[in-house]
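Listed here are the chains, written in short residue letters.
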Amino acid sequence: MTSEALHLSGSRAGKTHRMSPAQVIIGSAVLLAVAIVASLSLGPTGITLSSLPRVLSAAISGTTDATIAREQLVLLDIRLPRTLLGIFVGASLAIAGAIMQGLFRNPLADPGLVGVSSGAALFAVATIVLGNGIAAPILAPLGIYALPVAAFFGGMVTTLILVTIAGRHGQLMIGTLLLAGIALGALSGALTGLLAYASDDRQLRDLTFWSMGSLGGANWPKILAILPFGILIALLTPLLIRGLNGFLLGEAEAFHLGINVERTKRIAIVATAASVGAAVAMAGVIGFIGIVVPHIIRLLAGPDHRVVLPGSALFGAALLLFADIIARLIVRPAELPIGIVMAAIGTPVFLHLVMKRGIGGSE
Amino acid sequence: MLTAHAAAFQINGKTLVSDINMAIPPGKLVALVGPNGAGKSTLLKLLSGEIKPTSGAITLDGRALSSFTALDLSRRRAVVPQSTALSFPFSVREVVLLGATVPGFAEPPEHIERMALDCLRTVGLLALEHRLFTNLSGGERQRVHIARALLQLAMAKRAENEPGILLLDEPTASLDLAHQGVVLEEALEQARKGLAVMAILHDLNLAAVFADELVLLSAGRITARGTPAEVLKDDVLSRAYGCEVRTNRTPSEGVPFILPHYIRAR
């Protein structure tokens with residue numbers, strides 16, 4: 001079946017049925033609010049959000065009660081940073097996916113699929129393993145920022161290689177992109193495996209965390225470490241809206257429309273690397289968010305990046321929080337890696353999208 | 001005026017076009033014709049500013065094209081590509097609105113919306129406004145892109161002495177007889193309204209009917225330039241295309257039309 005036939009069957013005689021941008025943004029925001037409340041309320045300890053007023057007043061008055069102290073620990077030092085980390089990771093991975101798909105003009109481009117996440121993970125793992133050894137002089141001055149900065153460069157190097165390989169001759173070839181991405185991902189994985197040999201037991205435990213992803217290690221220093229990245233992404237993303245919309249027609253067409261193509265590419269690469277790098281540094285490799293979330297937003301509201309980017313951020317944050325809630329409740333008191341939950345949610349959704357609409361790719 | 005001064009383009013030591021001297025005057029439809037591989041697309045890219053000449057110059061009102069920013073250039077000239085594969089489900093309206101050099105296309109101001117619909121009406125596709133671009137026929141897509149280019153030029157606030165430039169890359173390539181006429185009629189109409197229009201055309205007969213001026217490109221050089229009657233001559237065309245070409249004239253209008261020799265061989 002051709003992609004046209006797929007489009008026809010999926011969209012009822014080719015008419016567009018869409019929600020308004022406001023509906024999609026508000027809907028996603030409401031969903032995120034629900035997810036935040038649920039994420040703060042649910043957990044194996046049975047402490048709920050109803051304890052919050054007590055905890056806050058105790059924190060202000062300085063009361064020391066064992067029960068309240070425990071509630072305080074769970075709510076303010078475990079669940080709150082974990083929820084904030086989930087918001088950041090979900091939003092930035094979804095944004096990174098949307099940006100890459102716009103940049104490469106293909107809905108299949110995803111930081112996880114084309115090796116950007118693996119590249120970021122490799123650099124993060126290298127930071128952990130070599131951080132006290134040969135790389136110490138460079139990494140030590142960076143303090144808590146060493147990990148996200150290293151992952152940022154890992155993501156950036158991978159993206160630059162991808163753009164160079166797949167973007168020769170002025171047009172990006174998606175087949176080349178995906179194959180190059182698979183190769184780069186495999187190489188990063190192999191090098192990460194190599195580093196495992198050089199690591200000690202404690203580091204090795206850290207390393208397993210990268211392969212599946214988890215929000216489990218969330219704490220306030222980590223939130224502080226990703227804050228500058230969050231600000232950077234929030235500043236860069238709006239600059240991309242017009243450029244990425246133009247890119248949807250093609251690179252030459254974007255230039256004809258008056259878009260500074262090279263500048264758009266540069267910003268897109270930095271924003272993607274910052275998003276993926278910081279997310280991977282703090283939560284490991286979590287797949288599917290970057291591919292599923294922008295897909296759903298485009299299905300609902302169309303491909304305009306003024307909706308796709310903020311919509312993906314809100315919806316991605318909500319989806320990751322829900323996945324994390326499942327991850328920590330389903331086998332309690334143990335915890336599943338969130339990557340497993342995301343794969344379980346993401347795969348059927350993605351396959352359904354592919355079957356229903358086609359990937360909308362080549363014509 | 002968009003002008004080429006001894007412009008040449010080389011890549012990897014290979015000369016694609018050279019010694020190009022031409023202008024696209026406002027109010028005229030210039031047809032760029034020539035055999036496959038003659039360098040027509042390269043010349044269009046040079047004239048659109050997409051690539052820079054390796055020697056010589058392309059100027060707009062006397063200023064080198066490369067000194068314009070992409071944005072400034074987009075206010076003066078629009079390009080209709082030969083074909084564009086869209087990977088995302090756009091509506092026709094959204095593709096047209098991409099021509100409005102504004103941040104996006106979701107909720108455009110009312111006057112832009114009106115202009116976009118005007119442009120769709122101009123190309124006769126108003127009824128398809130909410131259809132998905134990917135479901136259109138080749139001819140309809142071509143016209144949507146023309147509407148998009150028209151909106152781009154209509155949006156730009158230009159001074160009286162800064163007419164817009166419309167460049168079309170084989171706008172009739174995938175069209176049937178009737179739509180070839182519709183599209184070129186529209187291109188000519190835009191020229192008459194003051195735009196400087198250039199179209200790459202493969203069909204010399206269409207060029208003969210619609211173009212004010214023909215530029216014949218052969219092996220990267222302009223081998224003939226002038227009115228259809230001046231360019232469409234047996235010896236000129238036979239040399240350029242490397243096959244025997246016979247020019248005739250329609251009995252009633254006297255417009256040149258061309259038959260290659262293989263027609264006679266049957």
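Scroll up for the structure.
What you are looking at is a predicted structure, and each value in this text was computed from that prediction instead of being measured.

Draft legend 1. Structural detail: the overall build of chain B. A count of helical and extended segments in chain B gives 10 helices and 12 strands. Since a compact globule built from 266 residues should have a radius of gyration of about 18 Å, the 19 Å found for chain B is in line with a globular shape. When the backbone C-alpha atoms are referred to their principal axes, chain B occupies close to 55 × 40 × 35 Å. Residues classed as buried in chain B amount to 54% of the 266 residues present. Of the roughly 11400 Å² of accessible surface on chain B, 52% is carried by carbon and sulfur atoms. Averaging the coordinates of the 28 positive side-chain charges in chain B and doing the same for the 27 negative ones gives two points 4 Å apart.

Draft legend 2. Quick look at the sheet that holds strand β3 (residues 29-33) of chain B. All names here are of chain B. Taken together, six strands build an open sheet; the order of strands is β6-β7-β8-β3-β9-β10 and the sheet is mixed. Whereas interior strands pair on both sides, the edge strands pair on one side only; in this sheet they are β6 (77-80) and β10 (221-226). Strand-to-strand twist of the sheet, defined as the mean angle between neighbouring strand axes without regard to direction, takes the value 15°. The pairing of β6 with strand β7 (residues 165-168) spans four bridges and is parallel. Among the inter-strand pairings, Arg77 is bridged to a residue of β7, identified as Ile165. Against the sheet, helix α1 (residues 40-48) contacts β3, β6, β7, β8 (196-200) and β9 (213-218), and its axis sits at roughly 155° relative to β8. The sheet contacts of helix α9 (residues 234-241) involve β3, β9 and β10, and relative to β9 the element is tilted by about 40°.

Draft legend 3. Layout of the pairing of β7(B). All names here are of chain B. Burial of β7 is two-sided: the residues Ile165 and Leu167 facing one way and the residues Leu166 and Leu168 facing the other way are all buried. Bridge analysis of β7 against β8 gives four bridges, and the strand direction is parallel. Along β8, the bridge assignment pairs Ile165 with Ala196. Crossover β7 to β8 through helix α6 (residues 177-192) is right-handed.

Draft legend 4. Spatial organisation of the pattern of salt bridges. Residue and element names in this part refer to chain A. Scanning all chains against the criterion turns up 16 salt bridges over all chains. The salt bridge involving Glu335 is made with Arg82; its shortest N-O contact spans 2.9 Å. Residue Glu335 is located in the loop between α14 (305-329) and α15 (338-357), and its partner Arg82 is located in helix α4 (residues 66-103); the two are separated by 253 residues in the primary sequence. With its nearest N and O atoms 3.8 Å apart, the salt bridge here joins Lys265 to Glu262. Residue Lys265 and its partner Glu262 are both found in helix α12 (residues 261-283); the two are separated by three residues, about one turn of the helix. Here Lys265 falls in the buried class, since its relative accessible area comes to 14%.

Draft legend 5. Examining the packing of helix α13 (residues 289-301) of chain A against α14(A) more closely. Residues and elements named next belong to chain A. Orientation of α13 relative to α14, taken along the N-to-C sense of each, is 125°, at an axis distance of 9 Å. It follows that α13 is oblique to α14 by the angle criterion. At the point where α13 passes α14, the crossing takes the right-handed sense. For the pair formed by α13 and α14, the contact residues are Ile289, Val293, Pro294, Ile296, Ile297, Arg298 and Ala301 on the first element and Val307, Val308, Gly311, Ser312, Phe315, Gly316, Leu319 and Leu320 on the second. Split by residue class, the contact of α13 with α14 holds 11 nonpolar, three polar and one charged.

Draft legend 6. The arrangement of α4(A) in detail. Residues and elements named next belong to chain A. Here α4 is 38 residues long and its end C-alpha atoms lie 53 Å apart, about the 56 Å a rise of 1.5 Å per residue gives. Along α4, the sharpest change in direction is near 35° and occurs at Arg79; proline Pro81 comes one to four residues later. Across the 38 residues of α4, 27 count as buried, placing the element largely inside the fold. Just past α4, the residue Arg105 takes up positive phi, approximately 55°.

Draft legend 7. How the structure looks around the sheet that holds strand β1 (residues 2-11) of chain B. Residue and element names in this part refer to chain B. Overall, antiparallel pairing links the four strands, which are arranged β2-β1-β4-β5 in an open sheet. Whereas interior strands pair on both sides, the edge strands pair on one side only; in this sheet they are β2 (14-24) and β5 (63-64). Of the strands in this sheet, β1, β2 and β4 (55-60) are in contact with α1, which crosses β2 at around 55°.

Draft legend 8. Just unusual backbone geometry, in detail. Residue and element names in this part refer to chain B. The backbone of Asp61 shows a phi angle near 50°, a positive value even though the residue is not glycine. Mapped onto the elements of the fold, Asp61 is located in the loop between β4 and β5. On the basis of relative accessible area, Asp61 is assigned to the partly exposed category, the value being 39%.

Draft legend 9. Structural context of the environment of Leu248(A). Within the secondary structure layout, Leu248(A) lies in the loop between α10 (220-247) and α11 (251-256). According to the relative accessible area criterion, Leu248(A) is buried, its value standing at 1%. C-alpha of Leu248(A) to C-alpha of Pro294(A): the two residues are 46 residues apart in sequence and 14 Å apart in space. With near-sequence residues (within four places) excluded, Leu248(A) lies in contact with Arg105(A), Pro303(A), His305(A), Leu86(B), Phe88(B) and Phe90(B).

Draft legend 10. Broad picture of the nonpolar core. Counting 180 residues, the largest nonpolar core has Val89(A), Leu162(A), Met22(B), Ile24(B), Leu47(B), Leu166(B) and Met198(B) as its most contacted members. In terms of residue count, α12(A) provides more of this core than any other element does, 14 residues in total. The residues contacting Leu162(A), other than those within four sequence positions of it, are Met100(A), Phe104(A), Val114(A), Val116(A), Gly167(A), Leu177(A), Ala180(A), Gly181(A) and Leu184(A). Ile47(A), Val74(A), Leu75(A) and Leu76(A) belong to the second largest nonpolar core, which has five residues in total.

Draft legend 11. The packing of α4(A) against α14(A), seen in detail. Residue and element names in this part refer to chain A. Between α4 and α14, the shortest axis-to-axis distance is 7 Å and the interhelical angle comes to 135°. Looking at the two axes, α4 sits oblique to α14. As for the relative orientation of α4 and α14, their crossing is right-handed in sense. In terms of residue class, the contact of α4 with α14 is made up of 13 nonpolar, seven polar and four charged.

So, how was this worked out
Along every chain, residues carry numbers that run from 1 in the direction the sequence is written. Throughout, the order in which chains and ligands are written sets their labels, letters from A for the former and numbers from 1 for the latter. Reporting of local features is limited, given that this is a predicted model, to residues whose pLDDT is at least 70; pairs of side-chain atoms are given and counted only at 80 or more, and all residues count toward the totals for whole chains, interfaces and linings. The side-chain numbers reported here are obtained from all heavy atoms of the structure, hydrogens and water having been left aside. The numbering of helices and of strands both runs from the N terminus, where a helix is a DSSP run of H or I of at least 4 residues and a strand a run of E of at least 2. Restricting the calculation to C-alpha atoms gives the radius of gyration, and the globule rule supplies 2.2 Å times the number of residues raised to the power 0.38. Accessible area is worked out with a 1.4 Å probe on protein chains only. A residue is then buried under 20% of its type maximum, exposed over 50%, and partly exposed in between. Accessible surface is estimated by sampling points in the Shrake-Rupley manner with a 1.4 Å probe; for residues, cover comes only from the protein chains shown. The charge count includes Lys and Arg as positive and Asp and Glu as negative, but it does not include His or the ends of the chains. Charged groups are reduced to one reference atom each: NZ for lysine, CZ for arginine, CG for aspartic acid, CD for glutamic acid. In this analysis, strands are considered paired if DSSP registers two or more bridges between them. Here an angle of 0 to 180 degrees is reported between the N-to-C directions of two axes, which are lines fitted to C-alpha atoms, with helices fitted over the stretch in contact. We call two residues in contact whenever any of their non-hydrogen atoms come within 4.5 Å of each other. Look down the strands so they point away from you; if going from the first strand over the helix to the second traces a clockwise path, that crossover is right-handed. A pairing counts as a salt bridge when a side-chain nitrogen of Lys or Arg comes within 4 Å of a carboxyl oxygen of Asp or Glu. Should an angle lie under 35 degrees it is considered roughly parallel, over 145 roughly antiparallel, and from 65 to 115 roughly perpendicular; all remaining angles are considered oblique. Helix crossings fall into two classes, left-handed where the near helix is turned counterclockwise from the far one by less than a right angle and right-handed where it is turned clockwise. Classification convention: Asp, Glu, Lys, Arg as charged; Ala, Val, Leu, Ile, Met, Phe, Trp, Tyr, Cys, Pro as nonpolar; all other residues, Gly among them, as polar. For a helix, the expected span equals 1.5 Å multiplied by the number of residues minus one. A residue's bend is given by the angle between axes fitted to the 7 residues ending at it and the 7 residues starting at it. As used here, the term nonpolar core means buried Ala, Val, Leu, Ile, Met, Phe, Trp, Tyr and Cys residues forming a set that is joined through side-chain atoms within 4.5 Å.

Just distances and angles here, no functional claims.
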